[in-house]
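Notes for the structure review
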Amino acid sequence: MPKIEELEIGQIIATKEFSITRDSLVRYSGASGDFNPIHYRDDIAQSVGLPGVLAHGMLTMGMAIQPVVSWLGDSSKVIEYGVRFTKPVLVSANEPSAVLVTATVAVLNPENNQVRIDLTTTFQDTNVLGKAQVLVQL
Amino acid sequence: MVNPDIQGKVYPRTAAYLVGREKVREFAKAVFAGPESLDLDHAKSLGHADLVVPPTFPVVIQEQSLALVINDPAAEFDFSRVVHGEQKFSFRRPIIAGDLLTSELNVVSIKSLGGNHMVTFDTQIFDDKEDLVCIATSTLVVRGE
């Protein structure tokens, strides 16, 4: 478990690159119960004005926090997690999409041993999750 | 798009959802989660009675409450035009495999913005002792015609 006195604001505590494929989207559809076809059929995605199939926002959100969970060693230390879905992550039929997550210390609260970690989640040089903040209990 | 009169409406409590160990594993694999959600011995070594869920797992419970809104004729909710705008989870305690959960959704606000509706829901998730476990807050954008 990380110690609050060893952290400083602006410190990067984790980075990880994820590779999302169509298989990832099908797996998440099954696990979550979100079977919206815009997450596996290009023709339907295009018929509603999208460039093509895109990842579930909730898949990106669920994945983006994992480097923080690994750093904590236990997901139960997460007490609050919120994001805004600002840009879609497009996933083509045959090429994986690379998503890079960087987790940075934003706020330190030594009085209750809580730390706010902010996430930057980049796909094609664009941040896809706005205001992505994780409050953790150390 | 959506009927603004449902602002403030509280939807009935959902049927109990049993958090299954294999469901936790399935969800964990789908979001690239770690051993606390996959390996029972590891979860127990951290002091949990069973596998602990990944932080976004409560969306599965939230979905049960949201289904009540989508199927409510009075809500006039056009789900085909919905985009997920924001999502937040606030935990009172961790969710563990074996938990029996119900949820209650409250329509917090409906705002009009540039021809779209922004609808914010709070879903309170309770365990079988009626203790609050998690609040899931979701903002959906219903795009105008």
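Residues numbered from 1 in each chain as written. Chains lettered and ligands numbered in written order. Predicted model: local features only at pLDDT ≥ 70, side-chain atom pairs only at ≥ 80, totals over all residues.

**Details of the overall build of chain A**
When helices and strands are tallied, chain A shows four helices and six strands. Counting from the amino terminus, chain A carries its helices and strands in the arrangement β-α-α-α-α-β-β-β-β-β. The dimensions of chain A, computed from C-alpha atoms along their principal axes, are 55 × 30 × 20 Å. The contacts in chain A between residues at least 6 apart in sequence include a share of 64% that link residues at least 24 apart. (Helix = DSSP H or I, 4+ residues; strand = E, 2+ residues; numbered from the N terminus. Contact = placed C-beta atoms within 7 Å.)

**A short note on the overall build of chain B**
In terms of regular secondary structure, chain B is built from three helices and five strands. Counted from the first residue to the last, chain B has its helices and strands arranged as β-α-α-α-β-β-β-β. When burial is assessed residue by residue, chain B has 37% of its 145 residues classed as buried. Contacts in chain B between residues far apart in sequence, at least 24 positions, make up 70% of those at least 6 positions apart. (Buried ≥ 20, exposed ≤ 12 C-beta atoms within 10 Å, placed from the backbone.)

**Quick notes on the pairing of strand β4 (residues 114-123) of chain A**
All names here are of chain A. Only one face of β4 is covered, namely the face carrying Val115, Ile117, Leu119, Thr121 and Phe123; the face carrying Gln114, Arg116, Asp118, Thr120 and Thr122 is uncovered. Where strand β3 (residues 97-109) and β4 come together, nine bridges link them in antiparallel fashion. The partner of leucine 108 across the bridge, within β4, is valine 115. Once β3 ends, the chain turns through four residues before running back antiparallel as β4, passing asparagine 113 with a positive phi of about 60°. Bridge count for β4 against strand β6 (residues 129-137) is five bridges, and the pairing is antiparallel. If you follow valine 115 over to β6, its bridge partner there is valine 136. As paired elements, β4 and strand β5 (residues 126-127) share two bridges and run antiparallel to each other. Pairing of threonine 122 across the sheet is with asparagine 127, part of β5. (Pairing = 2+ DSSP bridges.)

**Notes on the interface of chain B and chain A**
Size of an interface: often given as the accessible area lost when the parts come together. Between chain B and chain A, the residue contacts involve 28 residues of the former and 27 residues of the latter. Elements with a minimum of two residues in the side of chain B that touches chain A: α1 (21-30), α3 (59-70) and β2 (82-91) of chain B. Residue contributions to the side of chain B that touches chain A peak at eight residues, all from β2(B). Here the residues of the side of chain B that touches chain A sort into 14 nonpolar, eight polar and six charged. (Nonpolar A, V, L, I, M, F, W, Y, C, P; charged D, E, K, R; others polar.)

**Digging into the packing of helix α1 (residues 22-32) of chain A against α1(B)**
In the contact formed by α1(A) and α1(B), the axes pass within 9 Å of each other and the chain directions differ by 150°. Looking at the two axes, α1(A) sits roughly antiparallel to α1(B). Considering only the axes of α1(A) and α1(B), their crossing is left-handed. Within the contact between the two elements, α1(A) uses A:Arg27, A:Tyr28, A:Ala31 and A:Ser32 and α1(B) uses B:Glu26, B:Phe27, B:Lys29 and B:Ala30. For the contact of α1(A) with α1(B), a count of residues per class yields four nonpolar, one polar and three charged. (Axes fitted to C-alpha atoms, helices over the stretch in contact; angles between N-to-C directions. Parallel < 35°, antiparallel > 145°, perpendicular 65-115°, else oblique. Left-handed = near helix turned anticlockwise from the far one by under 90°.)

**A closer look at the environment of B:Val60**
The residue B:Val60 is located in helix α3 in this model. Here the alpha-carbon distance between B:Val60 and B:Phe27, two residues 33 residues apart in the chain, equals 9.6 Å.

**Quick look at the confidence of the model for chain B**
Mean pLDDT over chain B works out to 95, with 99% of the residues at or above the 70 mark. Our summary of model confidence lists the complex with pTM equal to 0.96 and ipTM equal to 0.96. (pLDDT = per-residue confidence, 0-100.)

**With respect to helix α3 (residues 57-64) of chain A**
Given 3.6 residues to a turn, an α-helix orients residues that are three or four positions apart in the same direction. Within α3(A), eight of the eight residues are buried, which leaves the element mostly enclosed by the surrounding structure. If you check which residues of α3(A) are buried, you get A:Gly57, A:Met58, A:Leu59, A:Thr60, A:Met61, A:Gly62, A:Met63 and A:Ala64.

**Regarding the nonpolar core**
Grouped together as the largest cluster of nonpolar side chains are 62 residues, with contacts concentrated most on A:Ala64, A:Val68, A:Val89, A:Leu119, A:Leu129, A:Val134 and B:Val31. Element by element, the count of residues in this core is highest for α3(A), at five residues. If near-sequence neighbours (up to four positions away) are discounted, A:Val89 is found in contact with A:Ile20, A:Leu54, A:Ala55, A:Thr60, A:Ser97, A:Val99, A:Phe123 and A:Val128. (Core = buried A, V, L, I, M, F, W, Y, C linked by C-beta atoms within 7 Å.)

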